[in-house]
Each structure stands twice: as C-alpha cells, then as structure tokens.
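If you want the building blocks of each chain, they are given just below.
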Amino acid sequence: MKKTNKYILGLLTLALVSQSCKKTLIDINTNPNLLPDVNPEFLFTGATVDIDINGRDRPAQRYGATLSYMQYVVPDAVTNSSLSGKYADPAKSTGPNPNFFFYGDYFNSTGRDMHRIIDKINSLPDATKATYQGLKAICSIVDVYHAWRVADIFGALPYSQAFNDAQYPLPQYDYDFNLYKVFDQQLKDAATLLKNNTTNQFALGNQDLFYGGDYGEWLGLANTLRIKIAQRYEKRDAANLTAVLNDVATNFAGKLIAPSLSDPTNDGSFAINHTRDWNNNVDDINVILFNYNASFSFVEYLKSTNDPRIGFMIRQNDMGNNSNQYLTVKVNGDAASQAALALPENQVRYWGKHASPASAGDAAYGPTGLDRNKTFTLKDGTTQNLLFLSAIQTRLFVKNGGFGGFDQRSKQVLMHTDEPYSDGSTIKMKSFFVTYAETCFMMAEIAEKGGNGLGQTASQWFYKGVQASFNQYQAFAVATKVPNADAISIGAFATPAGIPYKGLPSIYSQSWVHFLMQPDEAWAMWKRTGYPQFTDVRPGNNGKIGDGSSIAYLENLWDGGKNLLIARRNSLNVSSTLNQDNYNTAVQTMIAKDPAYGAGAADTKGRIWWDKN
C-alpha cells in the first residue's frame, strides 16, 4: 500500500478540474483508505499534466541535440573545436550522445502510469468498466506513443515483460524490429474500442488535457500513429504500410488527425498546454537565446522562398529602428560606423550562422562565420555591440523569449521596442507531439509514391500541410507574444504561385521547416529519407543553400579535413545493473540483426534497424 499511496499522491497535482473534482482529490489525499477507489479519469489527468516537461532539463535537451543536428540553430562559437564537439568523427567507434530522456521518463512515469490505469479499469465491476473503455483506449494510445519513441531512437526496451516485477523482476528487452507490429496491433485495438464504444462512455471533459474528452479525436490520432509508425519502417516492410493504410481506409473510414468543424481553433494536433509555473523563471532554459544563433541554412531557405513563417520562426537582429542599440549607433556613431550601417548586409534583419566547424571564426566566410555581434564606435570613442546574427524565435521555446534572466545577455534592455515583456502567467506554452500539418505531409509523401492517399492527391495534401503549418505557427506565435504575429498573412504562399510543388523534395523541405518545434521528427525524417540533403559550403560559395530552387539543404559539417557526422541514435540505457545480462544481450542482438547498428551502444553514429536510408 505504501508504494500505491506514493504513486497516487504524486499524480494528483491537477489544475484543470472542477470544484467538485477538487473536493474529491482533497478527500483522497487526506484519507489513504480511499486510495484504491480513485477514479481512473483523475489518475489519467495527474499522469499526463505537463507530460514530457517534468524537469527543467527537458526543454533544453534539444538545443544541443536535434535542434543543432538538423541545423535550426548553431552554437555562437568561433573555434573549430567548439562546433565539432556535438558531431561524430567517422573514424571513431563512438559518437556524441543526444541524451534523450524518453527512456527514463517512460519507465518512471508515463508507461508505468498508463499501465496502472489500464489495470485499474480492468479491475472495475463490469458495468463500470464498460463506461471506461474509451479511456482505456486512450491510455493505450498514450502508452504506445511514448514506448514507440523509446524504441525509435534506442532500438530496444523491456516492454512485454515490463511493469510486472512479481513475474519478471529482470525483464528481457524487446526490439524495434518486432515492436512496430506490436504497436500497430495495440493502436488498432484502441481504435476499435473507440469506434465500437461511442455511447455511455464516461465524459472526460477537462480531465483530458489533450482533446477535452473528444473520443473521436483520439480515434483519429490512433489511426494517424498507425500510419506514421508503418511509414517509419517502410524500407524494411513496405507491405505493412500498404496494409495499414488500407485497413484505416476500409475499417476506420480513413479518419485521421484533422481540424475540428465546430472549433476553428482546434486543428486536431496531439498537443498539450503547459501548466508548470517554474518555466516563468527562464534561467538555465534560456540559453537558446544567447548561446545559439539561427542556422545559415534554415534562415537562407526561408528567405529564398519568401516564407511568411520567418516572422514566427526567426527573431530579427538589431539592424533596424526597433533596436535602441541600433538607434544609438545611427545617431551617435562616428562616420565609419554610420557608413557601415548603410552597407547592404547591415540592412538585412535575418542572418544565420554557418554550421560547418571550419567556418567558425573564419572571416573568409564573411560575418555569418563569426560570432553574433558587430562592434561599432561612437563619436565619444566608446563602442556599441549590435546583434548581426539572428536567434531562432526563442518565444516559441521559452516565455518572453528568455529575456529577464540573470545572464547579462538576456537583460530586458536588449529587447526590441516591439517585443513585449509580460507576466509569465499570461503566456501559454505548449508541447506538440503529432500535428495536423505533419499528417498532411505524411499523406502527401504516401500519395506521391503511389500509395493510398485516402482520397486526396499528393499536391492537395502538400498545400494543406503548408497552410496548416502556417496556421499552427501563427496561433502559437500570437499566444507566446511574438511581435506582430497576428498581422502576418500567408498570402498565396500555400499555392503553386507561392511555393511550387516538386514532388518528394518539396514535401521534405516543407516538413523540415514545419518541424522547428519538433526537431526530433526532423531528425527522424532525415534518417528515413536523406532529406534535407547536405551540400558543400566554402568561403564565397554557399553550395545549394538558398539557391532559389525551393528545395532545402543542410550544410556539410566540414572541419577542414573531413565531413563530420550527425548522431543517428541514442546510446541504449541500462535500466539497472541487476539487469546487466539482459542489457548486454540486447546490444549484441541489435548488432547481430544489423551490423549498421555500430560497434556498440556508444557508437551513436550507428543505426537503429529501421534507419535504412
């Protein structure tokens, strides 16, 4: 009972419940004898509130991993070694570790909690149990999604024997090359429960922090996840993708994530609003503001396509009248400084930094190879720094964009005059897991390859995806108070006149842009497809970056002698030293299944079985 009490008490930190629900929770917390009778819906809310951000290290983990790997951001560094450190030397048998928290979070919270809620529902009296079949399906979907993320980048995890200490104190590992079909069956079973139990189900309402108790939305997510997982394994099992598509079309009416007809603000994305107050304090999660610049490849692609989302995704540099520092130089700068302000490169508000380690601090690459500041001399002999390189739009990741922290580089005085500083409680941050836009791009790719497009052509899905991406970023930019976000118009961008459709490269290019806030998915897409492709960038030659083709490219990670590599997986976690034998077996099994896994768990430039591009 002690463990059960600790588990329940840890879950019941709820913000979105009615007064009657709050009274129930108070009774539960003060009377341990009531704990076995906690309703499953309360447990679900407690288990999912602020899911995936249960620590300050969670938001920042991606800065130096997938946000950097996929060249959305580049460290503000001016030495070759400082940029090389996050990449792999092809000659070595080890590589950098992305250090995802998915593994521990699944076993210490999400997976454990979903299994316990399902067990709770299964133990209810038959009449009551029948009203919780929808919630049981939802718990299964949440469990599968988080377990799949572990398998997707770690390759193995205890699954079939997990969460059953009495029978399996030392659980064996399951592998992604078997689990993808296990996950599909579980999602199909969940979708079937949701399809067949449309009446007399418990009304979850605000206990469901994702979809507000709309079981139809969860059905669309289950089907979407089935296709998404099957697509991940397409190069290993193309027939399975075809079978899943046909099953979704035939038995589930092709229902996917889609915008709500009754609520135009709901695009059907699988996402959750944050409730934690600690992210009002931006210290240590705001390093994305001052330690990282937007990347050259990302900024130049947005500029070359005249993408209106640049206003949501990239923060302007200081080279304009909304910067008090700029006005200081403009008014009080000496003759040389005022002449420099007039140079064409200093009239541009968006510049990114080169990712190639050889570019760091090398003036031959121009100012986009240097650090973010340019220094100007004033008439009185003092100097003023202006930010030349842009940051990614940090308001998408941190409240107030990270300004207001203890680091001097985040002082509020450095904000632009059109950037508001607001009370953290008025800013609603959000985590996106599976979005409507990416669903459109997924179906566009399938249709382009000749698969079942569920009634729409590839180009139709593609342009829906572009429009959906714009809508999502605008809505979130407004919510996080990105300057002038509500005034930005998409115009004709989501049409052939705005962005031409050129088949798969177009789909992958626009997916890359969209995945700014889901960089793990951009990383997975690159591993699965090879897009965006790399191009050589040298002083005075940007390769194919921003070449006007409307196709995106990444910058080769040239260190002056060789191209470095991006990590392709996470090192497999050891669940417990007591389970070391099963862990060792898991690593050796993955190596035997596919030598491309690498020399060992630490060889993170190696590949998970599905990664066959």
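Below is a summary of the structure that appears in this document. (Residues numbered from 1 in each chain as written. Predicted model: local features only at pLDDT ≥ 70, side-chain atom pairs only at ≥ 80, totals over all residues. Heavy atoms only, no water.)

**Describing unusual backbone geometry**
We count it as follows: For helices the rule is a DSSP run of H or I covering at least 4 residues; for strands it is a run of E covering at least 2, with both sets numbered from the N terminus onward.
Cis geometry is adopted by the peptide bond preceding P532, which originates at Y531 and carries an omega value of -5°. With respect to the helices and strands, the residue P532 is situated in the loop between helix 21 (519–529) and strand 9 (533–535). Residues other than glycine seldom take positive phi values, yet N400 does so here, at roughly 55°. Looking at where N400 falls in the secondary structure, it is placed in the loop between strand 7 (383–387) and strand 8 (430–434).

**Observations regarding the environment of P171**
The cut-off we apply is this: The buried label goes to any residue with under 20% of its type's maximum accessible area, the exposed label to any with over 50%, and the partly exposed label to all in between, with areas taken from a 1.4 Å probe on protein chains only.
Along the chain, P171 turns up in the loop between strand 2 (156–157) and strand 3 (174–175). By relative accessible area, which is 15% here, P171 ends up buried. For the pair P171 and N579, spaced 408 residues apart in sequence, the C-alpha separation works out to 7.5 Å.

**Quick notes on the nonpolar core**
A general trend in soluble globular proteins is that nonpolar side chains are found buried together. This is how it is decided: What makes a nonpolar core is a set of buried Ala, Val, Leu, Ile, Met, Phe, Trp, Tyr and Cys residues whose side-chain atoms join them at distances within 4.5 Å.
If you look at the biggest cluster of nonpolar residues, it comprises 159 residues, and the most contacted ones within it are Y72, W218, I227, W512 and L572. For this core, the leading source of residues is helix 9 (residues 133–154), giving 14 residues. By size, the runner-up hydrophobic cluster in this structure holds eleven residues, among which are V329, L341, L386 and F388.

**Section: the packing of aromatic side chains**
To keep things clear, this is the line we draw: Pairing of aromatic rings covers Phe, Tyr and Trp, the last counted by its six-membered ring, and requires centre-to-centre distances within 6.5 Å; plane angles under 30 degrees mean stacked, over 60 mean edge-to-face, and any other angle means tilted. In this scheme, the term charge over a ring applies when either NZ of a lysine or CZ of an arginine sits within 6 Å of the ring centre and within 35 degrees of the ring normal.
Scanning the entire structure with this criterion turns up 39 aromatic pairs. An angle of 35° between the planes, with centres 4.9 Å apart, marks the rings of F100 and F102 as tilted. Both residues of the pair, F100 and F102, belong to the buried class. Ring centres of F462 and Y501 lie 5.0 Å apart, and the angle between their planes is 45°; on these two criteria the pair is classed as tilted. Of this pair, F462 sits in helix 19 (residues 458–479) while Y501 sits in the loop between helix 19 and helix 20 (504–514); the two residues are 39 residues apart in sequence, bridging distant segments of the chain. The buried category is assigned to F462, whose relative accessible area is 0%. Between K303 and the ring centre of W351, over which it is positioned, the NZ or CZ distance is 3.9 Å. For the cation-ring pair, R538 lies above W558, with the distance from its terminal atom to the ring centre recorded as 4.4 Å.

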